[in-house]
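What follows is each chain in one-letter form.
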Amino acid sequence: MIKQRENFGSRFAVIAAMAGSAVGLGNIWRFPFVLGEYGGAAFILVYMMASLVLALPIFYAESIIGRRSRCDTFGAMKKLAPGTAWRWAGLLTIVSPLLILSYYSVVGGWSVEYLFKSLSFSFTEVPAEKIPDFFGRFISSPWQPIFAHTAFMLIVAGIVLAGVSNGIELFSKLAMPALLVLILVIVGYSLTLPGSMKGVEYLLKPDFSRLTPQAYAAAVGQAFFSLSLGVGTILTYSSYVKKDENLMVSGLGTAVSDLVFAVISAFAVMPAVFAAGLQPGAGPGLVFETLPYIFNKMGEGLPMLSTLISSVFFAAILAAALTSAISMLEVGVAFLTDEKGMKRRSATLLLAFLCWVVGVLCSLSFGSLSRIKVLGLSFFDFLDHLCSDWLLPLGGLIFTLFVGWKMSKADVRDEFTNGGTRNVRIFGAVYFLMRYVAPVGIVVIFLTNLFL
Ligand code: PFF
């Protein structure tokens, strides 16, 4: 039974909420270290191509299903393909964002902890050399990361409880512009450091010899994660988009914002890394180990400045992580309220609690549960690989096959062109990308993940 749905109030609200979901730890934490591993500028170019040619058509596929049905992902498939097994595919895409939220919240908790540490001068009281060790000790300790994870999850649940317009829309409209300003402050600081120009060169001068097949697969995987694709978030948010909104513009706005934030984050991180004489390919610890070290080192004798800059940086990461995390929780909440008739409050609390429990296991997998392995990986790494290498692309494949091969072309055109009034000329190209290019691209990614 479908109830009266809430809507996003304006185009800015739509783009802020969708870009809020897209821009997150994937941009500020993941993108800089992945590009550091695959060689800088050339990777950025491949990433841009992957976002626009492969990811954007899948984004449109999700938007078309969401707005056409005005339902959660399970209900959408049930409504648009009644009596078929497609709804079970829809159900899968409700489980994956909840799995992602479970470990994402642990990393979100790290940013809560690092913000507190920055504000309480903890990074300036110790010699810079000790800071990278601090990260290892923190994530492997039993209680601190769980408290931080709990705090993060409580904030996420609080925002989702407030509803679509008073919670998600309001928070995203405030957080996204603030995030842009915070990141630009860090870019400004980073570029003034002596030696930072080597980092700028690294980001602008492509070295194509570093582009291996793995680099292409990593670029596509990053584009999926970063645009929140294949997990029903874009579908669910699109179900709150009004009928006269131009889907092409809101999708493009989101993809471009996501790209811009990723590139700006790289310009915030890499020049500082080069200025400090550190390695760009330091891996996932790049942001949490390297940046507090850099802020401390550069601010020696100036603890206030150092504290201010690192607090701004971790506040930015926290804001970005929150706007993404709420979108993950909203997918399941929409399902339980739409399909099971649950109250928003009970649905939010139930799902947040389940994700919290799984998150506790993820957090402990860095410490007391580190000996327990799933397919040779820690529980945290297992969930991360399961989701980003398999479930996200699988969800993307489901949505693009549904739009390209199950829905009638007339319905797809009607939705994308707002009844033949907008985007009519580019529809053919978008449809071709959704029907052929995107599914083939995803299958290639599966094969690369399987064999490389
Ligand atoms: N796009 C988010 C990021 O870049 O951090 C991650 C994400 C959000 C993944 C929402 C999946 C999702 F459903």
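Per chain, residue numbering runs from 1 following the sequence as it is written. Given that the model is predicted, a residue must reach a pLDDT of at least 70 before its local features are reported, and side-chain atom pairs must reach 80 or more before they are shown or counted; all residues, however, enter totals for whole chains, interfaces and linings. Side-chain figures throughout are based on the complete set of non-hydrogen atoms in the structure, without hydrogens or water.

Draft legend 1. Quick look at unusual backbone geometry. With phi around 55 degrees, Ser-228 is a residue other than glycine that occupies positive phi space. Relative to the helices and strands, Ser-228 resides in the loop between helix H11 (213-226) and helix H12 (233-238). A positive phi angle, near 50 degrees, is found at Asn-418, a position not held by glycine. In this fold, Asn-418 is placed in the loop between helix H18 (409-416) and helix H19 (424-451). Every helix listed is a DSSP run of H or I at least four residues long, and every strand listed is a run of E at least two residues long, numbered separately from the N terminus.

Draft legend 2. Quick peek at helix H10 (residues 197-204). Each residue gets one of three labels from its accessible area relative to the maximum for its type: buried under 20%, exposed over 50%, partly exposed in between, using a 1.4 Å probe on protein chains only. Residues Gly-199, Val-200, Tyr-202 and Leu-203 constitute the buried set of H10. Taken down its axis, H10 places every buried residue within 155 degrees of arc, on the same side. Opposite its buried face, H10 presents the exposed residues Met-197, Lys-198 and Leu-204, each directed more than 90 degrees away. Residues count as neighbours in contact if any of their non-hydrogen atoms are within 4.5 Å of one another. Where H10 is buried, its residues contact helix H2 (25-37), helix H3 (41-69), helix H9 (164-192) and helix H13 (247-275). Working note: the arc is built from the helix axis to C-beta atom directions.

Draft legend 3. Expanded view of the packing of helix H4 (residues 73-80) against helix H17 (residues 379-406). For the pair H4 and H17, the least separation of the axes is 12 Å and the interaxial angle reads 25 degrees. Classified by the angle their axes make, H4 and H17 are roughly parallel. Of the two elements, H4 crosses H17, and the hand of that crossing is left-handed. Along its contact with H4, which presents Thr-73, Met-77 and Leu-80, the element H17 presents Ile-398, Phe-399 and Phe-402. Gly is put with the polar residues, along with every residue not named as nonpolar or charged; the nonpolar set is Ala, Val, Leu, Ile, Met, Phe, Trp, Tyr, Cys and Pro, and the charged set is Asp, Glu, Lys and Arg. Residues of the contact of H4 with H17, tallied by class, amount to 5 nonpolar, 1 polar and no charged. Inter-axis angles, ranging from 0 to 180 degrees, are taken between N-to-C directions of lines fitted to C-alpha atoms, where helices are fitted over the stretch in contact. Roughly parallel means an angle under 35 degrees; roughly antiparallel means over 145; roughly perpendicular covers 65 to 115; every other angle is labelled oblique. Crossing handedness follows the turn of the near helix against the far one: under a right angle anticlockwise gives a left-handed crossing, and clockwise gives a right-handed one.

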